[in-house]
Amino acid sequence: MSPEFLYFIETVINGLMSGVMYSLVALGFVLIFKASGIFNFAQGVMALFAALTLVGLQTGQVPFAHLINAIFGTEIHHFGWELPAAVAIAGTLVVMVAFAWIFEKLVLKHLVNQEPIILFMATIGLAYFLEGFGDLMWGSDVKTLNVGIPSGGSFWWEDVTKTWAAEGSDYFGMYIDVLDVYAAVIAVILVIALTAFSQYTRTGRALRAVADDHQAAQSVGISLRSIWVIVWSIAGFVALVAGIMWGSKSGVQFSLSLIALKALPVLILGGFTSIPGAIIGGLIIGVGEKLAELYIGPLVGGAIENWFAYVVALVFLLFRPQGLFGEKIIERV
Amino acid sequence: MADAAKALDTAETLLQVNNIEVIYNHVILVLKGVSLSVPKGGITALLGANGAGKTTTLKAISNLLHGERGEVTKGSIVFNNETVHNLSPNDLVRRGCIQVMEGRHCFGHLTIEENLLTGAFTRRDGNASVKRDLDMVYDYFPRLRERRNSQAGYTSGGEQQMCAIGRALMSRPSMILLDEPSMGLAPQLVEEIFEIVKKLNEEEGVSFLLAEQNTNIALRYAKYGYILESGRIVLDGEASALRENADVKEFYLGVGGEGRRSFREVKHYKRRKRWLA
């Protein structure tokens, strides 16, 4: 094979991998949207908050340390212990579920049967609150997250691909980040589990019923409040997974919450209501932007990667507003 | 009518609404003291024009008012000898009282079968008996069996109404609050739906409180009727007696007796009658 072709394959594979990372974030949106008709603006911030909490628990940070120190004049920062990754992840999960419960109690409970746009605004408020709260609780410095997922290039893959190149050509193998491979496997497992849950369990069915019609769901005896706690807990869980993967890749800091912006075109492409759509959409966007950068980029001066996804999303909005796999907008006359 | 009232007294009361007042948004008074009762195993009709308060009455009973910023400010609602107006809707469904909302409200993206299964959400008696009831619902509504795998949003209005009633049946209710089953349906279908209601009442022992604008058909199937006008019960009685009542004929059945009166006269007459009532 010629080096050009191998380079093309490498770009595609890396595109697929980064697409999986987008999909992980998009999944959280889809879940909440499917189950409650809310577009959760706070999903990215939730991922950030989950990652912050995870790092905090793992390294034994004292929550609200700055606040405590400022008020009492103390100098505490760490408890002095470190938790194993598994324990810290479990602890973070508990925090996310508690958070879902509190959010339902304080906010959602009062918004039953309101327009989706009002619920959407509530999630904007939540995003800003959580952003500040996360900072206050764990500090705003950049942290590294390491839960033991290996990262860095795979030498094995490099060696294997080196032999594919034509004899005597100047080719040194493909680069693939092992972390991305793990992310892909986790995403696949997550999707299968979530799809099975929403299609074949009684609670999953109730979630979809609530998404279709709040009031009718109430009228058949589905308790909106417990459903919402469940939905937000699951979204918190997915945010945690996205937070772990993105945090391991690029560190835990404020900009982690901006990954939500990359999830938007993925959602528009895949459809807001489809879990497989979030995955396929992510893959298309991931590959698309890498290939565009490689082949179209040089023609227009580069940096296509940053806006290519949004252009694709725009085209989709014009011609197929429900996305590739979204539920058809059913309109009867 | 006195005899009828006596007969009703002897039948066991399943639902008793005592003088309830409902206010929306803290200011809009919609029900101004509504009382009614439904005997066990009865079909009772709640009649009246648009905006009379039929739907509000049903939602007050099923506790769905809260989501629409309405609340019951006075009076009490007793279902099966238990005060229920402070319960949540799912608690009430668990106790056997379920509402079929006006305009069907099927879950459009769920299949017909999934829709029916959501009706069994509150049940804890195992999959086998839910499956049995699913078959029972399909026996009552054979058309639903044919469409079991189509999304409810794509089915016809009649099928959706059947789906909504079937879904309610899946909760094994002792009482169904049925809101405007005839809405937007062809007369033939309306007849079909009412026949099934009657059958369910006779065979499954389900009691019905039926809000309807279609006075004619409602009074043919109900045993007892209440007529609601701007938030008050203005008339009640045995269905057969109501059918013969001159005012009901004039205002609701459209078969006025003595010659044609002008609309103005009717309005005047009606207003006078209301003061007297």
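Only a predicted model underlies this, so the values are computations on that prediction, with no experimental measurement involved. (Residues numbered from 1 in each chain as written. Chains lettered and ligands numbered in written order. Predicted model: local features only at pLDDT ≥ 70, side-chain atom pairs only at ≥ 80, totals over all residues.)

1. With respect to the overall build of chain B
- A count of helical and extended segments in chain B gives 12 helices and 10 strands.
- Burial statistics for chain B: of 277 residues in total, 44% are counted as buried.
- Long-range contacts, defined here as pairs at least 24 residues apart, represent 71% of the contacts in chain B between residues at least 6 apart. (Helix = DSSP H or I, 4+ residues; strand = E, 2+ residues; numbered from the N terminus. Buried ≥ 20, exposed ≤ 12 C-beta atoms within 10 Å, placed from the backbone. Contact = placed C-beta atoms within 7 Å.)

2. Digging into the interface of chain B and chain A
- Facing the 27 residues of chain B at the interface are 20 residues of chain A.
- Looking at the side of chain B that touches chain A, the elements that each hand over two or more residues are α3 (89–94), β6 (97–100) and α4 (112–118) of chain B.
- Looking at the side of chain B that touches chain A element by element, the count peaks at 4 residues for α3 of chain B.
- Grouping the constituent residues of the side of chain B that touches chain A by class yields 10 nonpolar, 13 polar and 4 charged. (Nonpolar A, V, L, I, M, F, W, Y, C, P; charged D, E, K, R; others polar.)

3. Some points on the domain arrangement of chain B
Residues and elements named next belong to chain B.
- According to the domain assignment, chain B contains domain 1 (2–103 + 167–244) and domain 2 (247–277).
- Counting only elements with at least two residues in the side of domain 1 that touches domain 2, the list comes to α9 (215–221), β9 (224–229) and α10 (239–244).
- Its residues assigned to classes, the side of domain 1 that touches domain 2 shows 4 nonpolar, 2 polar and 2 charged. (Domains from an automatic or database assignment.)

4. Things to note about the packing of helix α8 (residues 202–212) of chain A against helix α10 (residues 224–250) of chain A
Residue and element names in this part refer to chain A.
- Where α8 meets α10, the closest approach of the two axes is 10 Å, and the angle between their N-to-C directions is 105 degrees. Between α8 and α10, the angle falls in the class roughly perpendicular. Side by side, α8 and α10 meet where T203, A206, L207 and V210 of the first sit next to L224, I227, I230 and V231 of the second.
- Residue composition of the contact of α8 with α10, by class: 7 nonpolar, 1 polar and no charged. (Axes fitted to C-alpha atoms, helices over the stretch in contact; angles between N-to-C directions. Parallel < 35°, antiparallel > 145°, perpendicular 65-115°, else oblique.)

5. Re the sheet that holds strand β7 (residues 175–179) of chain B
All names here are of chain B.
- Taken together, the 6 strands give an open sheet; going across it, the order is β6-β7-β8-β3-β9-β10, and neighbouring strands pair in mixed fashion. The open sheet has two edge strands, β6 and β10 (232–238), and neither has a second partner. Taking the axes of each pair of neighbouring strands and ignoring which way they run, one obtains an average angle of 15 degrees across the sheet.
- Where helix α2 (residues 54–62) meets the sheet, its contacts fall on β3 (43–47), β6, β7, β8 (207–212) and β9, and the angle it forms with β7 comes to roughly 150 degrees. (Pairing = 2+ DSSP bridges.)

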